[in-house]
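So you can see what is in the structure, the chains are spelled out below.
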Amino acid sequence: MSSSPPSPPVPAKAWGVLISSTIAFTVCFMVWMMFGVIGIPLKKELGLSATQFGLLTAMPVLTGSLVRVPLGIWTDRYGGRIVMTILMAATVPAIWLMSYATEYWHFLVIGLFVGLAGGSFSVGTPYVARWFPKSRQGMAMGVYGAGNSGSAVNKFLAPALIAAGGWQLVPKVYAAVMLGTVVMFWLFSAHDPKHLVSSTSRFSDQLKSLKDPRVLKYCQYYSIVFGGYVALALWMVQYYVGEYGLSIQTAALLAACFSLPGGVLRAVGGVLSDRYGAHKVTWWVLWVSWICLFLLSYPQTAFTISTVDGARDFHLGLNVYMFTALMAILGIAFAFGKASVFKYISDDFPQNIGAISGIVGLAGGLGGFILPILFGVLLDVTGIRSSAFMLLYGVVWVSLIWMYWTEVRTTDVIGQSKPA
């Protein structure tokens, strides 16, 4: 039996690019998720409804989503080093100005500019992938994607800053951190002209592959594993505060039990995708997510049963410990899924990673924008907080059915070949 050829060695410069890019993405994601924590005091200060709160948290996600396609294409054409540096530097003034906002519309407008930080994903993904051989690209993109843990960093740092100096201190500190990250990234990253798409290539040429039906399917997958992750990362602190009556510090700490594994373990998902394939990992991710969301969807329920001894009252619902445990499992599943979807892209579109990752990232980001707003609308209409999980449960069903009909019926997913 012939063994597969060994992977070519990874140059030291590639590891420097991966580390500096991952740190930069972590800071960008921390900034992008800022409203998930400072939105709590703002909701009280401005007297916002659940829908208004959802819109507030979603505004940065909108911009970060819409810029992903052009940023991915510009990365293919000009290189990730220059695009990432300019992108991060452009967010610093908006982050700083947020500390001086006083009206609801101020935060909405400034949030749009702060949201540019979210576009960093579509820059770094093709940038780091091209520094590594194909057999290691899943790992590289997974490590870079672990920068999603910036959401957890935000949950650790922002409550402490709020306690120390009010919510206004958070954007001031974040602006300083972002400025320092710009300098760090420029000093430790690198550029390789061989990684660029030919200068004669037009945007329309790069976008042709977006007509491929596979891209639409990957968009659907990513709208749940990334869009759902972003939406829940923004929503969970206020969920804990409202559902379980916790302080903002305790709520943020527990919410990090979802955000942290949902970010850090993306690297593990990349390794698993390299080893077992994107399809197998994604299939099991969707099933684990389906089970978790089914349990999380059940609302706190009080009911009375007539017994031989008279009426007896019962309560059925997740306590804070079970809820947090299920959220942690869901975060791990989403982390693996985020990596496996991009392994699909590097396998199927190796010459157009930037453009394809941009459109798939756009779909995921739009999911992260739309879902918090829908969470708020459902809460205002039904008064049931777990309605957010009911919605996500339905989205996962769509992905499972789509994957079954297009992939599972003709693909081995349990280690045994299908009969011819």
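Our structure is the block above this text.
Anyway, here's the lowdown on the structure attached to this text. (Residues numbered from 1 in each chain as written. Predicted model: local features only at pLDDT ≥ 70, side-chain atom pairs only at ≥ 80, totals over all residues. Heavy atoms only, no water.)

**Examining the pairing of strand β1 (residues 301-307)**
Taken together, the 7 bridges between β1 and strand β2 (residues 310-316) define a ladder with antiparallel strand orientation. Bridging across to β2, serine 306 finds its partner in alanine 311. Where β1 hands over to β2, the hairpin turn is made up of 2 residues, counted between the paired strands. (Pairing = 2+ DSSP bridges. Helix = DSSP H or I, 4+ residues; strand = E, 2+ residues; numbered from the N terminus.)

**Topic: the environment of tryptophan 284**
Tracing the backbone shows tryptophan 284 in helix α16 (residues 278-296). Overall, tryptophan 284 belongs to the partly exposed group, its relative accessible area being 43%. For the pair tryptophan 284 and phenylalanine 336, spaced 52 residues apart in the sequence, the C-alpha separation amounts to 9.6 Å. (Buried < 20%, exposed > 50% of the residue type's maximum accessible area, 1.4 Å probe, protein only.)

**Regarding the environment of alanine 325**
Mapping alanine 325 onto the fold places it in helix α17 (residues 320-348). Distance in space between the C-alpha atoms of alanine 325 and alanine 252 is 15 Å, their sequence separation being 73 residues.

**Remarks on the side chain of serine 297**
For serine 297, the location among the structural elements is in the loop between α16 and β1. Residue serine 297 is classed as buried on the basis of its relative accessible area of 9%. A distance of 3.2 Å separates a polar side-chain atom of serine 297 from the backbone oxygen of phenylalanine 389. A polar contact is formed between the side chain of serine 297 and the backbone nitrogen of methionine 390, at a distance of 3.3 Å. (Polar contact = N/O pair within 3.5 Å; in protein donor to acceptor, adjacent residues only side chain to side chain.)

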